[in-house]
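Now for the letters of each chain:
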Amino acid sequence: MATPTIMKHMALRPAGVAGISQQRQVRSMCALRGVTPAGQSAVTLRQMSNRFEALETGFVNRPSGLRGIKRQVKMNAAAEDEMGENELKDMAALDNLIDSMLTATAEEMPMIIGQSVMSLNQKFFLRIATRSDSISDPEAKKQLSDLAVTVMRLLDEMVKQTKTTMNTSGELLQKIVTAAADPATGEFMVPLAPENISAMRTAVSESFAQVDEGVIAQAYSWIRKSDDDGLKGMVEILQRVLQLYAAHTLVQGATPTAEEGTPERALEEVLAADVEDWQRLLVESDGAGYGTGAFIDELHKRMEGVVLGMANGSYTQRVLAEYLKEVEERAKEVFPKAEK
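Just so we're clear, the structure is a prediction, and the values are computed from it rather than from any experiment. (Residues numbered from 1 in each chain as written. Predicted model: local features only at pLDDT ≥ 70, side-chain atom pairs only at ≥ 80, totals over all residues. Heavy atoms only, no water.)

> Help me get a handle on the overall build of the protein, residues and values and all.
Of regular secondary structure, the protein possesses 14 helices and two strands. When burial is assessed residue by residue, the protein has 45% of its 340 residues classed as buried. At a minimum sequence separation of 6, the contacts of the protein that also span at least 24 residues come to 77%. Of the roughly 18200 Å² of accessible surface on the protein, a fraction of 51% belongs to carbon and sulfur atoms. (Helix = DSSP H or I, 4+ residues; strand = E, 2+ residues; numbered from the N terminus. Buried < 20%, exposed > 50% of the residue type's maximum accessible area, 1.4 Å probe, protein only. Contact = heavy atoms within 4.5 Å. Areas by Shrake-Rupley, 256 points an atom, 1.4 Å probe, with all protein chains shown as cover.)

Spelled out as structure tokens, the structure:
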């Protein structure tokens, strides 16, 4: 008997939830044209787990110590003379980050590092070394040297903590993903059938209280790894997990509670629904008279809440922002009179 397989003819975005609706459109076009996949492969959860055992943290590509940095300073300083506008803006952003760290207290430093972790790469440490070489004040040089050591130490502590929590996050994510697999074989059929999506929605709901920033970050890491390994079907499954998480976060329990017959209720119904139902719900909302701006206004309030009410740059903020942006794009296609 043939086993379920992952179809490899889908065009997927590399990460996030925003590509889900476009994936469905691509599959529909392939079906209309009679396209068959060039090759098929089955992926089990065990194989997926093995691929993600040693995920990169993103902190490894930095020089070892200030001596390693200073060997590159002269080259870096020379390159500054040829910087374009974007490079100068990036350098100014690094300077602002360094200045904020120099004036931060010991209690504030871990929070600053956590919020700016994506900027703490080789360029960051090179900028510290370049600034140190450009000044003669011994005390200022010592402050920059101490800062580099402190940031490296806190990053190393963060890496250790990440590795400790990664197993827990991975186990929870696997539990959610497993809900979409064939119970007998542990394999997946993509595109997911409605009953598989429903099972995964239930898994997200049951585990929602445990889904934190670490789990969402893990999902994005798995998406990148799956995309690099050509497991496009697994990318779609993980994107669906993020979409379901966003629905449960933006609408508590993915159950609309706003007053019936209001733009807010119409928005909640779209946000809580599977992406396959968005078109129908948006058309209904337009028919109810919300397509002239009321729906978009409510959507923008949600976007504002995500931007202002969540940790800037967090993976949770990212997944919710991507989800809301995708809803906005789809809504504006259905509501041509809505303000762009």
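> Go over the packing of aromatic side chains with me, naming the residues and quoting the values.
Tallied over the full model, the rule gives five aromatic pairs. When the centroid spacing of 5.4 Å and the interplanar angle of 35° are considered together, the rings of Tyr220 and Tyr315 count as tilted. Here Tyr220, found in helix H9 (residues 213–228), pairs with Tyr315, found in helix H14 (residues 315–334); they are 95 residues apart in sequence, far enough to count as distant. According to the relative accessible area criterion, Tyr220 is buried, its value standing at 0%. A ring pair is formed by Trp278 and Tyr323, whose centres lie 5.5 Å apart and whose planes are at 65°; its orientation type is edge-to-face. Here Trp278, found in helix H12 (residues 278–287), pairs with Tyr323, found in helix H14; they are 45 residues apart in sequence, far enough to count as distant. (Phe/Tyr/Trp six-rings, centres within 6.5 Å; stacked < 30°, edge-to-face > 60°.)

> Can you break down the packing of H9 against H14 residue by residue, with the values?
Each pair of packed helices can be summarised by the angle the axes make with each other and by the distance between the axes. Put simply, H9 and H14 touch, their axes get as near as 8 Å, and they point 65° apart. Comparing the axis directions of H9 and H14 gives the class roughly perpendicular. The segment H9 lies against H14, with Glu213, Ile216, Ala217, Tyr220 and Arg224 engaging Tyr315, Thr316, Arg318, Val319 and Glu322. Of the residues belonging to the contact of H9 with H14, the class tally is five nonpolar, one polar and four charged. (Axes fitted to C-alpha atoms, helices over the stretch in contact; angles between N-to-C directions. Parallel < 35°, antiparallel > 145°, perpendicular 65-115°, else oblique. Nonpolar A, V, L, I, M, F, W, Y, C, P; charged D, E, K, R; others polar.)

> Requested: an account of the nonpolar core, with residues and values cited.
Within soluble globular proteins, side chains that are nonpolar tend to cluster in buried spots. Judged by nonpolar contacts, the single largest core of 58 residues is most densely connected at Val177, Met200, Ile237, Leu271 and Phe295. Among the secondary structure elements, those contributing two or more residues to this core are helix H7 (138–178), helix H8 (194–207), H9, helix H10 (232–250), helix H11 (263–272), H12, helix H13 (294–309) and H14. The element contributing the most residues to this core is H10, with 11 residues. Those residues in contact with Met200, other than ones at most four positions away along the chain, are Ile176, Val177, Ala179, Ala180, Leu192, Ile237, Arg240, Val241 and Leu244. Counting residues in each nonpolar core, the second largest holds 20 residues, with Leu97, Met109, Ile128 and Ala148 among its members. (Core = buried A, V, L, I, M, F, W, Y, C linked by side-chain atoms within 4.5 Å.)

> Before we move on, can you summarise unusual backbone geometry with the specific residues and values?
Across the junction of Val190 and Pro191, the peptide omega takes the value 10°, indicating a cis bond. Within the fold, Pro191 resides in the loop between H7 and H8. Positive phi, close to 55°, is recorded for Ala254, a residue that is not glycine. Inspection of the secondary structure assignment puts Ala254 in the loop between H10 and H11.

> Lay out the pattern of salt bridges with the relevant residues and their values.
With the rule as written, the count across this model stands at 16 salt bridges. Measuring nitrogen to oxygen at the nearest pair gives 3.2 Å for the salt bridge that ties Asp95 to Arg131. Of the two residues, Asp95 sits in helix H4 (residues 85–102) while Arg131 sits in helix H6 (residues 122–133), which places them 36 residues apart along the sequence. Classification of Arg131 by relative accessible area gives buried; the value is 18%. Connected through shared salt-bridge partners, Asp95, Asp99, Arg127 and Arg131 make up one network. (Salt bridge = Lys/Arg side-chain N within 4 Å of Asp/Glu carboxyl O.)

> Residue-level account of the packing of H8 against H10, with values.
At a closest axis distance of 10 Å, the pairing of H8 and H10 adopts a crossing angle of 55°. Looking at the two axes, H8 sits oblique to H10. Between H8 and H10 lies a crossing whose hand is right-handed. In this structure, H8 uses Ile197, Met200, Arg201, Val204 and Ser205 to contact H10, whose residues at the interface are Ile237, Arg240, Val241, Leu244, Tyr245 and His248. Counted by class, the contact of H8 with H10 contains seven nonpolar, two polar and two charged residues. (Left-handed = near helix turned anticlockwise from the far one by under 90°.)

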